[in-house]
Amino acid sequence: MNKPQPRELVIDIEYEIAAPVDDVFAFICNPENDKHWQSSFDSIKMHNPDTPLGVGTTYTIHFRFLSRKLHFDSLITGYDINKRYTYETTSGSLPFKGVFEFTPTAKGTLVKWHFAAIPGKFFGIIPKSLIKKSMEKRVWEDVEGLKRYFNEKRHIEQLATA
Amino acid sequence: MSQVTDMQKGLYYIQQTQPSTNAYNVAFGTKITSTVCLKTLEVAFQHVQKNNVVLRQTFTDLKGEINTLERPDLPIKLQQHNTANLGEESLKLIVEATAKSPFNLNKELCLRVDIFPTLSQEHVMLITAHHANFDFWSLALLLEQVASAYQHIINGQEQNETRQTPQFTDVITQLKTTQQTEKYQQAKAAVVANLTGANTQLTLSTDFIRPQVNRYQGTSFSFSIPAHITALIKETAKTQNVTTYMLLLSVYQVLLHRYTGQNDILVGSPTAGREKRKFHQVMGNFVNTIITRSTITSKTHFSDMLQHTYSQVVEAIRHQAVMFPQVVEAIKPKHDKSRTPLIQAHFAWDKLPQFAQFEHFFSQTTNKKSIDWAGLTLEPYWVPQQEGQFDLALEMGAEIDGELTATLKYRQDLFSADSMAQFSDNFVQLLNSLCRNPTQNINHATLLTTEQTKQLLSVAHSPTIITPRAKTVHALFERQADLTPNKIAVQDINTQLTYQELDQQASHIANVLTQQYAVQGQQVGICLHRDVNMLVSLLAILKAGAGYVPITPNMPIERANMIMEDADLAVMILGDDITNLKPPHSIPTTTLNELTNCHVKAAEHTLVAPSQTAYIIFTSGSTGRPKGVSVPHSCAVNCIESICHTPGINPDEKLLAVAPFSFDISVTEFFLPISQGGQVMIADTETATDPDKLINAIKIFNPSLMQPTPSTWKMLYSAGWQGKKDLSIISSGEPMPQTLAEQLITDCAHLYTAYGPTETTIWCSIIEYTGGPVTIGYPMANTQMYILDQNREQVPQGVTGEIYIAGTCVTDGYYGKPELTQKAYLPNPYGAGRLYKSGDLGRINRDGLFECSGRADNQIKIRGFRIELDDIEENIRRIPQIHDTVVQPQIINNETALVCYYVINKGQSIGQKTIQSELKQRLPNYMIPAFFVEIAVMPMTANGKTDKKALPKINLTDNQRDIIAPTSPLENAIMQQWQTVLQQTQISINDDFYDIGGHSLLAVKLTSKIKQTLNIDIDNQFTLNYTTVAAMAQAIEQGNLVADNSMLVTLNKGETDHTPLFLMHPIGGTVHCYMALTQSINKAQPVYAFQNPGIDDADEAEVGIEEIAQKYVAEIRQQQPQGPYQLGGWCFGGVIAYEVANQLQAMGETVSGVYVFDTRAPIIANHPDDGDDATLLSWFARDLAIPHGKTLHIPPETLRKIEIDEQFAYVLDRARAIDIIETDADEEKLMNYFQVYIANGMALQMYPEKSLNIPVTLYRALDEPEDYGTYLGWDTLLGDAFTVVDIKGDHNTIMYKPLVTQIGNDLNTKLDNLTSTSHTEKECTYE
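Residues numbered from 1 in each chain as written. Chains lettered and ligands numbered in written order. Predicted model: local features only at pLDDT ≥ 70, side-chain atom pairs only at ≥ 80, totals over all residues. Heavy atoms only, no water.

## A closer look at the overall build of chain A
Per the secondary structure count, chain A includes three helices and seven strands. The order of α-helices and β-strands along chain A, N terminus first, is β-α-α-β-β-β-β-β-β-α. In terms of C-alpha radius of gyration, chain A reaches 17 Å, essentially the compact-globule figure of 15 Å for 162 residues. Each principal axis of the C-alpha atoms in chain A carries an extent, and together these give about 60 × 35 × 25 Å. A buried classification covers 44% of the 162 residues belonging to chain A. A separation threshold of at least 6 residues defines the contact pool for chain A, and within that pool the share at least 24 residues apart is 49%. (Helix = DSSP H or I, 4+ residues; strand = E, 2+ residues; numbered from the N terminus. Rg over C-alpha atoms; globule rule 2.2 N^0.38 Å. Buried < 20%, exposed > 50% of the residue type's maximum accessible area, 1.4 Å probe, protein only. Contact = heavy atoms within 4.5 Å.)

Printed below as a string of structure tokens:
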């Protein structure tokens, strides 16, 4: 029958954003900004909205992906400003962990994202290889959106300073 | 490497083909309650391993040659588990799971030893061995040798390596020599002779539908024989001069006979296979299976049977050296993957002297007596073992506290534990009965326990007792007419009558009949077309105190004449437009017009007794002459009143009547609604038989209740009926397929399945269907139903027998045929009245519901019509040229069809058309066989009966075609594969695969067959590029086996001066769907098609339209470096074509046309809301069926209720059930197809709406019932900048012949025109 499927679904990608690391870190590492650039995003509720972001911050976030609604209770587990940001789920549709690493470059910021999830049977009969491909496709589309966001931001800032 | 025995080969084969089975795991469990040194125990095992070669071997399979291989690198290790903290129950689960863990015979030794520490600091030791290299005797040797070694080590004594001689390898060598001897061959011949002609299929009634493939998965049920019966058994065996084993085996065979009704029963038993003393100390698999055959008659007494078993066992043991696999090979039983060959029942009497002290270790009892072993204290720790080897295996031999213990091992995919508990109770009951009176007839020995009898009778007797509101059928109506005189009672397409009008008109005609024809107490024939007057006339006859005898206008004259002759008609009423029927002069004839217009004085109501005949319906008779069932008012009233009670009829019920009035379900169609204030709407004959017209009638009349046969529903669905959410259905007349029932409950309000022969008045049982297997429910009011065997003894619950019916529903019998009546209407031993012998097979299932499983005799039902095959045969034999004939039903294209096999008289000839036209004079259409096969002689069985199983399968191809036979051995070899795959014999070497039934799935199968048979490497494009036998042979000869490009398929090379057309695959990924289109396009036009690369390698499947298009664009530019480009695609393929066009344009190229064949535009609105994997799997199932012209509708919600891991298998099972994939279909390949399907489905969902400047031509399927908007969303996407071409047909049929030529013709004009033009925006034109 099927080829054996790995239990864990892992995605590693890296991309460069033409923006300073301060801006990129602040934007990506705030879950409330997901709505601006993640096309699967549905809604979010920060559990303690008045508390600054950092290790221990918790929130509930909802996505739609492959015709399914996903919800996660998530926890920020690492918040090393402008360097590293880690988060993981405490409960929800499926367990996952994510790690962002940020490195300043000549053109802006290099972002590395490592993502590991255990989809289990959440996506039904869809083979994990296809889930992974579709996630990667969606992430790359989102990265393009992210780049567009920063380009537009820069453009607006340039206009403002001109 | 060492050779193996045939038995070992067989077991190895089973383990390889069913790798998850543990049926051949031999297990021994014990709890070591004393202190044990596990390290020493391990060393002891390893010491024994060194001395016994079978403990060092694995198996190998080199090109089909199976051998054992010594593996010194695999020492026996004690596998220690982390169980010290587990409770008893958890520990038991783990131990049992370990014992059932399957062996990988290629990698593992055939022996495992597991140690489980317990909470009480003891140890459970589990020894598990695979039977391929080990037997029970070997287990005894192992325990003995390990004990000895352990004690020696503990005592500090030196352990010598004492290699046992001989070893099992020596035994095999000797066995091979022995098998060559004449003595062995003689013994084999004797065994084969004893079994020749035996029935090799044991047809036990199962709780679950027998899977098509036996997975060898079983479980156990243990019980014991009470001490007093155990003593009785021994005593009886002694007095009858047989062994206890022989007596128990005999009773087991009697039980199987009583459960199956089969007289010829084969039971296998194991023999140790160690006749030679020198082999007694050798470990290995010596076991062989011997077979005993019992032949039972209706007069067999138990004592006779014991003597027969005695001689069978003695002979079998005398020839026990004859290996079972060789017997199977010689007998050649019909290949059936769902059963073990030759024997499905097994009986083992295990009494090994070596195991004397361990006896209670192998029985699931509470006896925990400990023993001393190697200085250790062992307690029994029972684990199940060797389960699932047979359908049913009874193991006995141990005796504990004076009680014989027994374990029933059974296939859990066939039987429930409840059934096995019942089986064991019946075994004990039979033992008791037969041993108390060994001279009694085995067929009447007490089988059921008192409790079981009580339970069966409680199910058999309807608890509902009703008292009818009126005593006659017309009185029920009259009562209602008084209550609701102005309500509409009946209507047809032109007329409607209120209750009062209907009553008045019927009363008038009743008066005429009474006064002019004195019909009271007589029969009145009636032949009318279907309209409101039919009901007026029927009511009139009943009101006049007569019984009506219906004759349909289209009934063959000869048959109508027989009915009129036999029914003693007082008068015959003819419709005014009936001219073909000429009643005999002795029968007065009148017309409806005459009756209506005749003036007679008003008269009092005729008094009609409930016992008077209401109607006589003639059904098929075995003599070639129909027989009339005479039904009194009391019976018809009971049926109507019972239905009014359950399920209940409401006063506003509107029933659309479609059944011919010669079919008894018409009685409830006509009289049920008007007994309750409802309305009957009568469909004319043309409407009732034409699916399109019937669909229309359902729309017009808007009925709330209908009761056609399942065949009618199938017909409606085939014509595109979508269901009716407020419609209730009562369906009867023939078996209701589960798939149809599931579809009906999805599409309609309620479905009731009912059952009943005409002789017990329309229906005698009913139930609302809510899912799962279809049953016929439970008896209706005032009715009793029994399941009896051929000796009229009640059979146990779950066991199939014949349905017998008693109660108010039982009719008077066959009019004028007292002898026939006496045969079918029997004295009722269970109560008052008579007992009707239905001839239908059935059973009471585990839920206490009745099931019907077909006919016990030569009678069948086709489309609800009851047909005596004898009747048809008798009429065929009357044709002078016919010498003999047999008519058989066969499932053809998922429908039951009649096939006539005939032998003609010497020197004469007759063709199919002549036989058919002769029969049309004598039989109704539904009784005329659809297929005719001339055979030289009728095959006969040894008993001199016609051997129906030996009749050839019919050939569905048109025999009139010119067949060009293969001209070379290669063509011949290819032809054979075509014939196998297409299941046709009449194939010409120039026939196109796709013209004679080939489609994508069959192409995959054909590819595989050709690869295997010719040992060549071809890819799946081979069947696309070479579509005739001749072309395939030529390609193979020229070495054109594998396509250069796995993605791009050349469908037509065409001419180089034409711009190619590139077609994109639909969602399934293959391009077989374009074969017919290509054939309809100008031959000079090059046509290429893209096949999804995931078809060959699932990893290559992309999940983005853009990514897919990117790959195809690269290929297109290789093939055609510059534009203008012509692109196209069906369904999903159209979306890819759209994106390919987008990417080509982005590169600065020109796209001259994108032709999308009924493609839904890629807009968000077209994405299903619930387009998850279950939806895609549902679509996949649907699309699997389409090439076969069948429907496979599995709603996504059904799939979501199934375990994820089982969903795909469920779809395949459903597909197999309707014959759209083969039993042995390549599941891996199908999974690949599904992965491509699901990837494409995901791609479609993620594709964003893109409004582009692309010249799209939409070929719109006009007859597609799915509504995705007038222009399938293209207007939303492109505004008016696209062209529409309307094509007759639905989404699927437009791509196949003959409808695809519409697209082909249009493309021929467009492709010609566009070859040299570039795209400019077009106005929307609607052609």
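## Some points on the overall build of chain B
Scanning chain B from terminus to terminus reveals 39 helices and 48 strands. The C-alpha radius of gyration of chain B comes to 37 Å, within 12% of the 34 Å expected for a compact globule of 1327 residues. Projected onto the principal axes, the alpha-carbon positions of chain B cover approximately 120 × 95 × 70 Å. In chain B, which comprises 1327 residues, the proportion classed as buried is 59%. Sequence separation of 24 or more characterises 71% of the internal contacts of chain B that already satisfy a separation of 6 or more.

## Section: the interface of chain B and chain A
At the interface, 28 residues of chain B touch 18 residues of chain A. For the chain B and chain A pair, buried surface summed over both sides reaches about 2,100 Å², with 60% attributable to carbon and sulfur atoms. Contact with chain A buries surface across chain B, with B:I1204, B:M1242 and B:M1246 losing the most and accounting together for 27% of the total. The interface formed by chain B and chain A includes three salt bridges. Two residues, B:D1173 and A:R68, come together in a salt bridge whose shortest N-O distance is 2.6 Å. (Buried area = accessible area lost by both parts, 1.4 Å probe. Salt bridge = Lys/Arg side-chain N within 4 Å of Asp/Glu carboxyl O.)

## Some words on the sheet that holds strand β47 (residues 1256-1261) of chain B
All names here are of chain B. Sheet architecture is open: seven strands sit in the order β42-β44-β43-β45-β46-β47-β48, paired in mixed fashion. The open sheet has two edge strands, β42 (1048-1052) and β48 (1282-1287), and neither has a second partner. In this sheet, neighbouring strand axes are inclined to one another by 20 degrees on average, regardless of whether the strands run parallel or antiparallel. Across the sheet, helix α33 (residues 1132-1146) touches β43 (1061-1064), β45 (1125-1130), β46 (1151-1157) and β47, and the angle it forms with β45 is around 155 degrees. (Pairing = 2+ DSSP bridges. Axes fitted to C-alpha atoms, helices over the stretch in contact; angles between N-to-C directions.)

## Quick look at the pattern of salt bridges
Two side chains of opposite charge can pair, provided their charged atoms sit close to one another. Applying the stated criterion across every chain, the model contains 50 salt bridges over all chains. Here A:D42 and A:R64 are joined by a salt bridge, their closest N and O atoms 3.4 Å apart. Of the two residues, A:D42 sits in strand β2 (residues 41-46) while A:R64 sits in strand β3 (residues 58-65), which places them 22 residues apart along the sequence. On the basis of relative accessible area, A:D42 is assigned to the partly exposed category, the value being 35%. Among the charged side chains, a network of salt bridges with common partners joins A:K137, A:R138, A:E141, B:E1106, B:E1107, B:E1139 and B:K1250.

## Side note on the packing of helix α8 (residues 244-260) of chain B against helix α9 (residues 302-318) of chain B
All names here are of chain B. Closest axis-to-axis distance for the α8/α9 pair is 9 Å, and the angle between their directions is 115 degrees. Considering only the axes of α8 and α9, their crossing is right-handed. Touching Y245, M246, L247, L249, S250, V251, Q253 and V254 of α8 are F302, M305, L306, T309, Y310, V313 and V314, all from α9. Across the contact of α8 with α9, the residue classes tally to 12 nonpolar, three polar and no charged. (Left-handed = near helix turned anticlockwise from the far one by under 90°. Nonpolar A, V, L, I, M, F, W, Y, C, P; charged D, E, K, R; others polar.)

## Topic: empty space enclosed by the protein
To find leftover empty space, a probe the size of one water molecule is rolled over the atoms. Counted under the stated rule, the structure contains seven cavities of 30 Å³ or more. For the largest cavity, the calculated volume is near 580 Å³. Where the lining of the largest cavity is concerned, the elements lending two or more residues are β1 (9-17), α2 (34-37), β3, β4 (68-80), β5 (84-92), β6 (96-104), β7 (109-117) and α3 (128-161) of chain A. A total of six residues in the lining of the largest cavity trace back to one element, the largest contributor, which is α3(A). Broken down by class, the residue content of the lining of the largest cavity amounts to 25 nonpolar, four polar and three charged. Considering only enclosed or pocket space, the second largest cavity measures out at about 110 Å³ in volume. Taken together, 16 residues form the lining of the second largest cavity, with B:S205, B:Y259, B:F415, B:S419 and B:V799 sitting closest to its centre. Top contributing element to the lining of the second largest cavity by residue count: helix α11 (residues 417-436) of chain B, with four residues. For the lining of the second largest cavity, the residue count by class is seven nonpolar, six polar and three charged. (1 Å grid on protein atoms, 1.4 Å probe; cavity = no way out; pocket = protein on both sides within 12 Å on 5 of 7 lines; lining within 4 Å. Points joined across faces, edges and corners; volume = space filled by probe spheres on them.)

## Looking at unusual backbone geometry
Residues and elements named next belong to chain B. Of the consecutive residues T646 and P647, the connecting peptide bond is found in the cis state with omega at 10 degrees. Mapped onto the secondary structure, P647 falls in helix α18 (residues 633-648). Cis rather than trans, the peptide bond between G1123 and P1124 has omega equal to 5 degrees. Relative to the elements of secondary structure, P1124 occurs in the loop between α32 (1105-1119) and β45. Backbone geometry places T761, a non-glycine residue, at a positive phi of 65 degrees.

## Here we look at α32(B)
Compared with the 21 Å implied by 1.5 Å per residue over 15 residues, the 21 Å span of α32(B) between its first and last C-alpha is a close match. Among the residues of α32(B), those classed as buried are B:I1105, B:E1106, B:I1108, B:A1109, B:Y1112, B:V1113, B:E1115 and B:I1116. (Expected span 1.5 Å × (residues − 1).)

## Digging into the sheet that holds β3(A)
Neighbouring strands of a sheet are bound in pairs by backbone hydrogen bonds; such pairs are parallel or else antiparallel. Residues and elements named next belong to chain A. If you walk across this open sheet you meet the seven strands as β1-β7-β6-β5-β4-β3-β2, and the pairing is antiparallel. Where the open sheet ends on each side, the last strands, each with one partner, are β1 and β2. Neighbour-to-neighbour, the strand axes of this sheet turn through a mean angle of 20 degrees, independent of strand direction. Pairing geometry for β5 and β6, over five bridges, is antiparallel. Along β6, the bridge assignment pairs T86 with V99. Across the sheet, helix α1 (residues 21-28) is in contact with β1, β4, β5, β6 and β7; its angle to β6 comes to roughly 165 degrees.

## Overview of helix α5 (residues 168-178) of chain B
A turn of α-helix holds 3.6 residues, and therefore any two residues three or four places apart point the same way. Residues and elements named next belong to chain B. Of all the positions in α5, only F168, T169, V171 and I172 are classed as buried. Taken down its axis, α5 places every buried residue within 155 degrees of arc, on the same side. In this structure, the buried residues of α5 make contact with β1 (2-3), α1 (6-17) and β3 (57-62). (Arc of directions from axis to C-beta.)

## A look at the nonpolar core
Residues and elements named next belong to chain B. F427 and F671 are the most contacted members of the largest nonpolar core, which has 140 residues in total. Tallying contributions element by element places α8 first for this core, with 11 residues. Inspection of this core shows a minimum of three residues originating in each of domain 2 (175-258 + 265-332 + 341-350 + 394-436 + 448-456) and domain 3 (466-696). Beyond its immediate chain neighbours, meaning those up to four positions away, F671 contacts V473, L535, L538, L539, L542, Y548 and I640. Counting 116 residues, the second-largest nonpolar core is a separate cluster that includes F1132, A1141, L1199 and V1284. (Core = buried A, V, L, I, M, F, W, Y, C linked by side-chain atoms within 4.5 Å. Domains from an automatic or database assignment.)

## Comments concerning the pairing of strand β27 (residues 724-731) of chain B
Residue and element names in this part refer to chain B. In terms of burial, β27 is largely enclosed, as six of its eight residues are buried. Running through helix α22 (residues 710-718), the crossover from strand β26 (residues 705-706) to the neighbouring parallel element β27 is right-handed. Note on the crossover from β27 through helix α23 (residues 738-747) to strand β28 (residues 748-755): the handedness is right-handed. (Right-handed = clockwise from strand over helix to strand, strands pointing away.)

## Focus: the side chain of B:D413
Relative to the helices and strands, B:D413 is located in the loop between β15 (403-411) and α11. In this structure the side chain of B:D413 is engaged in a polar contact, spanning 3.0 Å, whose partner is the side chain of B:R411. (Polar contact = N/O pair within 3.5 Å; in protein donor to acceptor, adjacent residues only side chain to side chain.)

## Section: the environment of B:A460
Looking at the element boundaries, B:A460 is found in helix α12 (residues 450-460). In this view, B:A460 contacts B:P779, B:T783, B:Q784, B:M785, B:Y786 and B:F850; residues no more than four positions away in its chain are not counted.

## Side note on the confidence of the model for chain B
Residue and element names in this part refer to chain B. Per-residue confidence for chain B gives a mean pLDDT of 88; residues scoring 70 or more make up 94%. This model gives residues 957-961 a pLDDT under 50, and the stretch forms six contacts once residues within four places in sequence are excluded. Across residues 1314-1327, where pLDDT falls below 50, the model places 37 contacts with residues more than four positions away in sequence or in other chains. (pLDDT = per-residue confidence, 0-100.)

## Thoughts on the domain arrangement of chain B
The domains assigned to chain B are domain 1 (2-167), domain 2 (175-258 + 265-332 + 341-350 + 394-436 + 448-456), domain 3 (466-696), domain 4 (858-930) and domain 5 (955-1043). Its C-alpha centre places domain 2 of chain B at a distance of 43 Å from the equivalent point of domain 4 of chain B.

## Side note on the environment of B:T206
All names here are of chain B. Among the secondary structure elements, T206 is positioned in the loop between α6 (182-195) and β8 (218-225). Accessibility expressed as a relative area gives 15% for T206, which makes it buried. Along the backbone, T206 and N106 are 100 residues apart, and their C-alpha atoms lie at a distance of 35 Å. Setting aside anything within four residues of it in sequence, one finds T206 in contact with L414, F415 and R843.

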